[in-house]
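An overview of the molecular structure
Residue strings, one per chain:
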Amino acid sequence: MEISSKYNPKEVEGKILLQWLETGSFNAQVRSDKKPFSIVIPPPNITGILHMGHALNNTLQDVLIRYRRMQGYEALWMPGTDHAGIATQNVVEKDLAKQNLRKEDIGREEFTARLWAWTDKYGSTILEQLKKLGASCDWRRIRFTLDNEYNEAIKEAFVRLYEKGLIYRGNYIINWCPRCKTALSDEEAVRKEIDGWLYYIKYPVSDVERSTLNVQRYVVVATTRPETMLGDTAIAVHPQDERFAWLKNATVTLPIMERQLRVIEDEIIDMAFGTGVVKVTPSHDPVDFALGKKHNLDFINIMHQDATLNEHAGEFSGMDRFKAREAIVALLEEKKLIEKKEPYKIAAGHCYRCHTIIEPRVSLQWFVKMKPLAEAAITVVEEDKIRFYPARWKKVYLNWMYNIQDWCISRQIWWGHRLPVYYCKQCTTTLELKTQSAIVGEVKKGIVVSKEKPQRCPDCGSIDLVQDNDVLDTWFSSWLWPFATFYWPNFRGQKPEAGSQMDDKKELEYFYPTAVLITASEILFFWVARMIMAGLEFKKEIPFREVLIHGTVRDERGIKMSKSLGNIIDPLVIIDKFGTDALRFSLMLLAASGSDIYLSDEKFLVGRNFANKIWNATRFILLKIKESQVVLDTLDVEDPDVLDRWLLKELSGTIREVDISFDEYRINDATKKIYDFFWHTFCDWYIEMIKEDFNLRRAKMLLRVLVDSVKLLHPVMPFITEEVFGLIKRSCGAQLEPMLVCSRWPQTVIVAEDEPLAKLTMLIETVKELRNIKIDLGLAQKKVILEVKADSGIVAQWKMHETWIRRLAFLERIDYKEHIERTICKNDLWELNLAIEGADIKNFIASLDKKIKSLESVLEKVTQRLGNEHFLKNASEETVQQEQLKFQEVKRQLQRFKELKDAFK
């Protein structure tokens, strides 16, 4: 059998993927003899293409799915995509704009048809890219949040919540995107700090006592948004602020509009902000909205949907909000009504899709009452029925849930699930409020919520009913994802798909709750929390038992990757350049629990080099076996010698540590342990040890450990390991599983501890220490003489292993002596010295002094950090642990250098 001298991932990956798909290796079904392990994919947007965040998230999921599949679980990874309401509509609207058309020009029906055409053409692009990444989803089961059956689930959930009084319609302040022209939830209006100004504006005052009038004819109000003053209906002060007690009986006039304002008192007012007097604009600020309702103020909306000013803005009508700001400030300055302005940092909400600054706006929308739903979702996390990894996210989750606000779920776009809401034209003359000053609460008359269009209005009997034009927030569909993907609530019964029989209801019972959800922190509230609430509400069960929150992918400078910043690394480019396994391995090696990942192209060389190491080691072993003409009908090693037993012990220890790391979601630790074992223990040590001692037993041991190694590596590097497994099968007569992807996970073996094994372990550790000492002394590439002082029995042990010791420690020879000049390394059985002819001992001491001083400086800084209460209070648990480990390692190294220096004195 010919084995290429170099590993070429392009020749392997497509072929292996096809084998997996053709053999149904990823398919899962209900099996009474197996425990289920299921994950639902965070459905990527149909507008998306694979980026590093996707690569990280999906590789983590795939690692766990492949690991559990090999452990014998019935592992299901449910694939699918999200219709991405705003994002997809924006894409198709841009295409229309190239033809000088708007969606309104072609109408809703035609525009929706174009949306579906775009989805059919491009919507599965990212799924094909995930396959290229190696994602072992059950690809028969692809779900889409806008397919017909999923729409039934959405309508079911909406109607149930409405009938329970948990969904309502009303006029409230919401986040409005002037670009997308739709409402957004609080989580979709991402807060970003921008530079702005705090303007101090004089509001004229009259009808006060004459003595006060002679002193002050105005009150100064501070605001960051002068344009909204046109909608002011009051000013407010804190009731205990004695500075403004005189205002209680005053008349305040709104500049420019010349409208009289009410003066109200409320404890919500921050006396330290600005002057202590604030303007109240109920239609354009969430706090002011609450004040307006509480104090029965007028509500004046001064903006159109596109954030241009409307007829209520007087002479500024038709102007863009920010242009109007400039004009209003200029006019106020002309009237000498600006006292001053100061630079000010503003936490402005931005649309999470188009990044436009949002506008708080009173609007008639649909909402979900969240507090009743949150109660059970708080309890299950408090009681650890759902666990977060890292654990710190539990506190973050609970914090948000304790302070949860109602969720605005209606969106003024055309792509999505239309609200299952119908309006009677006889009862409701308009779907929008005609008056800007009336703020009503819940609206019900003439409204019918139903999964199907009703025949008649239940209030007046009219048959003239129309469906609401709005669609539901995209997250309203994805919060049902863990169970709606199984065709809840209208299960299809048994229907053949891809040669198997699926019973949706039985499958939901078997695979739900899912095992773990893997996601990024930014959608903890968008999605994770809402899925927990939905699962408990509609299924009466948690949707998953554990939540793994991974870090953010950043560039090597620590800046979050962004297309606009030009600092992205395209995973498809990395795959083309280095191979999929190199990408996956490098990501997993860097993916410390919950920590951000700092990437550069060079980071992927580690994965590329390791893939080459696996290939070269495999090629060496298989060619060595072929050259030796040994016949392998089994990989069972009979009567292993001490070197074999040492390797088996190391392998078993690695399997145990990898199992623990995977189970605790420390994927990077597991990856490093496998890497260290294969590259160092197996290749650098064992293969080097037995190079000149090859026989049938060694051949079996090499293949046995190679097979277990590729099994351990398979979840992280699936393509090259599957290819290597196939090479092993074809090159020997041993019975192995048909494919690695469905093979049995490696099992530990008990290796009896005895004196020969203990002494060999000590000997190996000593050689490692010798190599480190040679590096410390600048002698790594120089052959030197090793002097050994030990009793005759130990010397015999050394002589038995002398060949590989000399080779691995790069020694000229080994001299066995009764006395040595100095001891640079010792234990209870032997003392060692390096006989360095003509060496300048002073240079060694000077070099060691330099290293000692450097380490002492590092140790001092780490000690100060660990003694800093502010650091210990604010740093994450993982960061503190890293510093503690660093302290111990630096301390150990320092002690080693000091002992080595003492030996040369």
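Positions within a chain are numbered from 1, following the residues in the order the chain's sequence is written. For this predicted model, a pLDDT threshold of at least 70 governs which residues receive local features, and a threshold of 80 or more governs which side-chain atom pairs are given and counted, while totals over whole chains, interfaces and linings are taken from all residues. Computation of side-chain values: all heavy atoms of the structure, hydrogens and water removed.

Attention now moves to helix H23 (residues 755-776). Helix numbering and strand numbering both begin at the N terminus, where a helix is a DSSP run of H or I of at least 4 residues and a strand a DSSP run of E of at least 2. Here a helix's expected span is defined as the number of its residues, less one, multiplied by 1.5 Å. Under the 1.5 Å per step criterion, the end-to-end length of H23 is 31 Å for 22 residues, consistent within 8% with the ideal 32 Å. Every buried residue of H23 is listed here: Leu-757, Lys-759, Leu-760, Thr-761, Leu-763, Ile-764, Thr-766, Val-767, Leu-770, Ile-773, Lys-774 and Asp-776. Between buried and exposed lies partly exposed: a residue is buried under 20% and exposed over 50% of the maximum accessible area for its type, with that area taken using a 1.4 Å probe on protein chains only.

This brings us to the state of the cysteines. Cysteine sulfur pairs qualify as disulfides if the two atoms are within 2.5 Å. Applying the stated criterion across every chain yields a total of zero disulfides. Summary of cysteine pairing: Cys-351 is not part of a disulfide, and the nearest cysteine sulfur, belonging to Cys-354, is at 3.7 Å. Residue Cys-424 stays outside any disulfide, its sulfur separated by 3.4 Å from that of Cys-460, the closest cysteine.

What follows is about the nonpolar core. Among the nonpolar cores identified, the biggest contains 225 residues, and Met-52, Trp-366, Phe-476, Leu-480 and Phe-682 are the most heavily contacted of them. With 13 residues, the single largest contributor to this core is helix H20 (residues 667-689). Take the buried Ala, Val, Leu, Ile, Met, Phe, Trp, Tyr and Cys residues and link them wherever side-chain atoms come within 4.5 Å; each set so joined is a nonpolar core. Grouped together as the second largest cluster of nonpolar side chains are 32 residues, Leu-247, Val-277, Phe-316 and Leu-331 included.

Turning our attention to the sheet that holds strand S29 (residues 811-816). Strand pairing requires that DSSP identify at least two bridges connecting the strands. Read across the open sheet, the four strands follow the order S29-S28-S31-S30; overall the sheet is mixed. The open sheet has two free edges, formed respectively by S29 and strand S30 (825-826), since each of these has just one partner strand. For strand S28 (residues 784-789) and strand S31 (residues 831-835), the ladder comprises five bridges, and the chain directions are antiparallel. The residue bridging Ile-785 from the neighbouring strand is Ala-835, located in S31.

Only C-alpha atoms enter the line fits that serve as axes; for helices the fit covers just the stretch in contact. Angles between N-to-C directions range over 0 to 180 degrees. Between H23 and helix H25 (residues 802-809), the shortest axis-to-axis distance is 10 Å and the interhelical angle comes to 25°. With respect to each other, H23 and H25 are oriented roughly parallel. The crossing of H23 and H25 is right-handed. Here H23 contributes Leu-760, Leu-763, Ile-764, Val-767, Arg-771 and Lys-774 to the contact with H25, which in turn contributes Trp-804, Ile-805, Leu-808 and Ala-809. Only Asp, Glu, Lys and Arg are considered charged, only Ala, Val, Leu, Ile, Met, Phe, Trp, Tyr, Cys and Pro nonpolar, and every remaining residue, Gly among them, polar. When its residues are assigned to classes, the contact of H23 with H25 shows eight nonpolar, no polar and two charged. These descriptions rest on fixed angle ranges, namely under 35 degrees for roughly parallel, over 145 for roughly antiparallel, 65 to 115 for roughly perpendicular, and the rest for oblique. A clockwise turn of the near helix away from the far one marks a right-handed crossing, whereas an anticlockwise turn of less than a right angle marks a left-handed crossing. Contact criterion: two residues are considered in contact whenever any of their non-hydrogen atoms come within 4.5 Å of each other.

Scored by pLDDT, the protein comes out at a mean of 90, with 95% of its residues at no less than 70. pLDDT gives the predictor's per-residue confidence on a scale running from 0 to 100. In this model residues 210-214 is a low-confidence stretch, pLDDT under 50, and it forms three contacts with partners more than four residues away in sequence or in other chains. Counted against residues more than four places away or in other chains, residues 430-441, with its pLDDT under 50, gives 21 contacts.

This brings us to the pairing of S28. Of all six residues in S28, five are buried, a share of seventy percent or more. As paired strands, S28 and S29 are joined by five bridges and run parallel to one another. Residue pairing across strands places Leu-786 opposite Ile-814, the latter belonging to S29.

Inspection of the secondary structure puts Ser-709 in helix H21 (residues 696-713). Between the C-alpha atoms of Ser-709 and Phe-682, which are 27 residues apart in sequence, the distance is 9.2 Å. Residues in contact with Ser-709, not counting those within four places in the same chain, are Phe-677 and Phe-678. Any pair of N or O atoms that falls within 3.5 Å is considered a polar contact. Within protein, one atom must be able to donate a hydrogen and the other to accept it, and sequence-neighbouring residues count only if both atoms are side-chain atoms. From its side chain, Ser-709 meets the backbone oxygen of Val-705 in a polar contact 2.7 Å long.

Let us look at the environment of Asn-668. Within the secondary structure layout, Asn-668 lies in helix H20. Among the residues examined, Asn-668 registers a relative accessible area of 12% and is labelled buried. Considering only alpha carbons, one finds Asn-668 and Ser-477, 191 residues apart in sequence, at a separation of 33 Å. Look past the residues within four positions of Asn-668 in its chain and what remains in contact with it is Met-588, Leu-589, Ala-591, Ala-592 and Ser-593.

A word on the sheet that holds strand S6 (residues 182-184). On the basis of which strands lie adjacent, the open sheet formed by four strands has the order S6-S5-S14-S16 and antiparallel pairing. Two strands bound the open sheet, and with one partner strand each, they are S6 and strand S16 (407-408).

Among the secondary structure elements, Arg-822 is positioned in the loop between S29 and S30. In this structure Arg-822 touches Leu-832, Asn-833, Leu-834, Ile-841, Ala-903 and Phe-904, once residues within four positions along its chain are discounted.

Another point: the pairing of strand S10 (residues 251-254). Here S10 shows no split at all, with Thr-251 and Thr-253 on one side and Val-252 and Leu-254 on the other all buried. The sheet contact formed by strand S7 (residues 189-206) and S10 spans two bridges and is antiparallel. For Ser-206, the partnering residue across the bridge sits in S10 and is Thr-251. Across three bridges, the pairing between S10 and strand S11 (residues 259-265) is antiparallel.

What follows is about the pattern of salt bridges. One speaks of a salt bridge when a side-chain nitrogen belonging to Lys or Arg is within 4 Å of a carboxyl oxygen belonging to Asp or Glu. Applying the stated criterion across every chain yields a total of 64 salt bridges. Between Arg-68 and Asp-663 there is a salt bridge whose closest N-O contact spans 3.1 Å. One end of the pair, Arg-68, is in helix H2 (residues 52-71); the other, Asp-663, is in helix H19 (residues 642-663), with 595 residues separating them in the sequence. On the basis of relative accessible area, Arg-68 is assigned to the buried category, the value being 14%. One network of salt bridges, in which partners are shared, links Glu-93, Arg-102, Lys-103, Glu-104 and Asp-105.

Position of Pro-226 relative to the elements: it lies in the loop between strand S8 (218-223) and strand S9 (234-237). Overall, Pro-226 belongs to the buried group, its relative accessible area being 0%. Along the primary structure Pro-226 and Ile-142 are separated by 84 residues, whereas in three dimensions their C-alpha atoms are 51 Å apart. If we ignore the near neighbours within four places in the chain, the residues touching Pro-226 are Tyr-199, Ile-201, Arg-325, Ile-328 and Val-329.

The interhelical angle for the contact between H2 and H19, taken along N-to-C directions, is 125°, at an axis separation of 11 Å. What the angle tells us is that H2 and H19 run oblique. The element H2 and its partner H19 pack so that their crossing is left-handed. Together, Val-63, Leu-64, Tyr-67, Arg-68 and Gln-71 of H2 and Asp-659, Phe-662 and Asp-663 of H19 make up the contact between the two elements. Residues belonging to the contact of H2 with H19 are distributed by class as follows: four nonpolar, one polar and three charged.

This part is about unusual backbone geometry. Cis rather than trans, the peptide bond between Trp-488 and Pro-489 has omega equal to 0°. Topologically, Pro-489 is positioned in the loop between helix H13 (481-484) and strand S22 (494-497). For the bond from Tyr-512 to Pro-513, the omega torsion is 0°, close enough to zero to count as cis. Among the secondary structure elements, Pro-513 is positioned in the loop between helix H14 (504-511) and strand S24 (514-520). Backbone geometry at Asp-384 places phi at a positive 60°, although glycine is not the residue there. One can find Asp-384 in the loop between helix H10 (371-382) and strand S15 (387-389). The backbone of Lys-540 shows a phi angle near 60°, a positive value even though the residue is not glycine. The topology assignment puts Lys-540 in the loop between helix H15 (524-539) and strand S25 (544-550).

We now examine H19. Between its terminal C-alpha atoms H19 stretches 32 Å, which fits the 32 Å expected from 22 residues at 1.5 Å a residue. The buried fraction of H19 is high, at 16 of 22 residues. Two or three places before Leu-643, at the start of H19, stands the capping residue Asp-641, its side-chain oxygen 3.2 Å from that residue's backbone nitrogen.

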